[in-house]
Amino acid sequence: MNKSWRGGLRRSTRRCGLRAEFIIQRGPTLSNQDLVDELNAAGFKTGMGRAFDIDAVQWLRYAHHVPSPSPFEPGELSVNEVAAQWTSARAQSTTGSSAVISKHAEPRLAGWAWRSRRRFWLPAANVSPIRATSRTQTGRSQRFKQYEVIVPTVADRIAQTVACLCLEPKVEPLFHPDSYGYRPGRSALQAVGICRERCWRRNWVIDLDIRAFFDSVPHELVLRAVRRHTDEQWILLYVERWLKAPLQQADGTLVQRDRGTPQGSSISPLLANLFLHYVFDMWMRKQFPQLQFERYCDDGVVHCVSEKQAQFVRGAISERLARCGLELHPDNTRIVYCKDGFRRATYANERFEFLGYTFRPRRAKDKAGKCFVSFLPAVSDDAMRKMGHELRSWRLNRRSDKALGDLARMFNVIVQGWSNYYGHFYRSALYPLLRRINDYLRAMGQEEIQATARQRSSGAAVAGARCEARADAVRPLATWRAAKRLDNGSGVSGDVHAPF
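These figures come from a predicted structure and were not determined experimentally.

## Notes on the overall build of the protein chain
Inference 1: Secondary structure assignment for the protein chain yields 16 helices and 12 strands.
Inference 2: Within the protein chain, the fraction of its 500 residues that count as buried is 47%.
Inference 3: The long-range share in the protein chain, meaning contacts at least 24 apart out of those at least 6 apart in sequence, stands at 69%.
Inference 4: Here the protein chain has roughly 25,700 Å² of accessible surface; of this, 49% comes from carbon and sulfur atoms.

## Structural notes on the side chain of aspartate 340
Inference 1: Examined against the element boundaries, aspartate 340 turns out to sit in the loop between strand S8 (334–337) and strand S9 (352–354).
Inference 2: Within the local environment of aspartate 340, its side chain forms a polar contact with the backbone nitrogen of phenylalanine 342, the two atoms lying 3.0 Å apart.
Inference 3: Of note is the side chain of aspartate 340, whose polar atom sits 2.8 Å from the backbone nitrogen of arginine 343.
Inference 4: Not counting the four nearest positions on each side in its chain, aspartate 340 is found in contact with Val373, Ser374 and Phe375.

## Considering the pattern of salt bridges
Inference 1: Applying the stated criterion across every chain, the model contains 12 salt bridges.
Inference 2: A salt bridge links arginine 198 to aspartate 178, with the nearest nitrogen and oxygen atoms 3.2 Å apart. Here the residue arginine 198 occupies a position in helix H8 (residues 188–201), and aspartate 178 occupies one in the loop between helix H7 (154–171) and H8, the gap between them amounting to 20 residues.
Inference 3: On the basis of relative accessibility, which here comes to 11%, the residue aspartate 178 falls in the buried class.
Inference 4: The salt bridge partner of glutamate 220 is arginine 227, with a shortest N-O separation of 3.5 Å.
Inference 5: Here glutamate 220 falls in the partly exposed class, since its relative accessible area comes to 45%.
Inference 6: The class of arginine 227 is partly exposed, set by a relative accessible area of 42%.
Inference 7: Overlapping salt bridges, with partners in common, bring together Asp178, Arg198 and Glu294 in one network.

## Focus: helix H11 (residues 233–244)
Inference 1: With 12 residues, H11 ought to run about 16 Å at 1.5 Å a step, and its terminal C-alpha atoms sit 17 Å apart, in line with that.
Inference 2: Within H11, nine of the 12 residues are buried, leaving the element largely enclosed by the surrounding structure.
Inference 3: All buried positions along H11 are accounted for by Trp234, Ile235, Leu236, Leu237, Tyr238, Val239, Arg241, Trp242 and Leu243.

## A word on the sheet that holds strand S7 (residues 299–304)
Inference 1: The strand order across the open sheet built from four strands is S6-S7-S3-S8, with neighbouring strands paired in antiparallel fashion. Across the chains shown, the open sheet's two edge strands, defined by having one partner strand only, are strand S6 (292–296) and S8. In this sheet, adjacent strand axes meet at a mean angle of 20° when their direction is disregarded.
Inference 2: The pairing of strand S3 (residues 204–209) with S7 spans six bridges and is antiparallel. When the sheet's bridge partners are listed, aspartate 209 is paired in S7 with aspartate 299.
Inference 3: Packing of H8 onto the sheet brings it into contact with S3, S6 and S7, and relative to S6 it is tilted by some 155°.
Inference 4: Set on the sheet, helix H13 (residues 307–323) makes contact with S3, S7 and S8; between it and S3 the angle comes to about 20°.

The rules behind these values
- Residues numbered from 1 in each chain as written.
- Predicted model: local features only at pLDDT ≥ 70, side-chain atom pairs only at ≥ 80, totals over all residues.
- Heavy atoms only, no water.
- Helix = DSSP H or I, 4+ residues; strand = E, 2+ residues; numbered from the N terminus.
- Buried < 20%, exposed > 50% of the residue type's maximum accessible area, 1.4 Å probe, protein only.
- Contact = heavy atoms within 4.5 Å.
- Areas by Shrake-Rupley, 256 points an atom, 1.4 Å probe, with all protein chains shown as cover.
- Polar contact = N/O pair within 3.5 Å; in protein donor to acceptor, adjacent residues only side chain to side chain.
- Salt bridge = Lys/Arg side-chain N within 4 Å of Asp/Glu carboxyl O.
- Expected span 1.5 Å × (residues − 1).
- Pairing = 2+ DSSP bridges.
- Axes fitted to C-alpha atoms, helices over the stretch in contact; angles between N-to-C directions.

Okay, here's the thing in structure tokens:
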């Protein structure tokens, strides 16, 4: 566009009152292309006597200060509105959020705030597909099982986190106290500890496993639960779009989804908890108020007093889930007898897994130092196998180019995480893994191995035994911190790692 044409357009816009009146009245509600069509259909010309095009309409808007219509559908948010929601939600949140956002997301959000006309999500008919990736997880019925997680974009993750921050304060106070999954101030170790105490008081347990929960959740029931707690149209709109977005496979094919909440989304844990709050928690409180249970998202344990009661409750739960579009896994859902030194009957199922721990009869010590058999949790075989696979992948015995301090800086955080979680209960079950770490280091010729575990009475070194390390030696991979004990007044004061 040359300067003479631009100057002629400005003079023409000042002279032509009818054209200015038309653009002022119709401009705020019409897009640029629609405005071009109507101006040309009405016979209006530019100052140079030409037909209107997009550039000419844009200059008319600029000359008469006519805003463009909002590109957003009812309920949609622009980026600066999402930024405002994010700031407000973070200011009001004091307990934290179950949604986790990258540390790089907030600076990007601040940088995007000025782009007020950018959409976070396309219209419902053209929703951007979410990319799926396959991951391996150890399972109870098979050694490894595959499941799919989504990979949302940074913008989508920010929008999901904002929706989660706005919705979570409304639903969090209503959740059942025995629900522990992805909630502020609650952890899996708390669920394992409460389950351990209740297994001492009740003889029978129903180990619940919902088949393909995240792939089977009905969308309509999830949206109905969300509508019950919020009237924010933008939350309802975006939650529906995230649920129904097609899944893009590795080969580029798109898979339409009519049910399921994808794993990997920031808001999926909250939606799953909200759905199961009505499907399971509130139903259990109403139908079986005398029974206690622990639920961590889709994994749960129900405590019963007799085998007959456990069978009846299992059948009722199966019928309830079937009415809500879900199904109990026929092989992984079992009725387990909590056997110990005082409950000595024999049944087919006397052990179960819950949150990476295996509950079964184990040797323990009371406060007087006397050994007895109790029903206790310890790290599961699947978790030990997975950690062993990860340990082998490090190739510690082949890292001759690394000093002990270098290896400690590389892997100490991972080993400490294993110790903190899997060593919280019956920590001696984790010693074989720590011995393997020390054996790998000894194979490298490293003699300065130090940790805080004790030695056996026979004098044989166990994981972390002091091997004449220098005073200034760097703490190696097997560094151990004593896990905090639950102050529950139980008679179990220690454990004895022995087969039973």
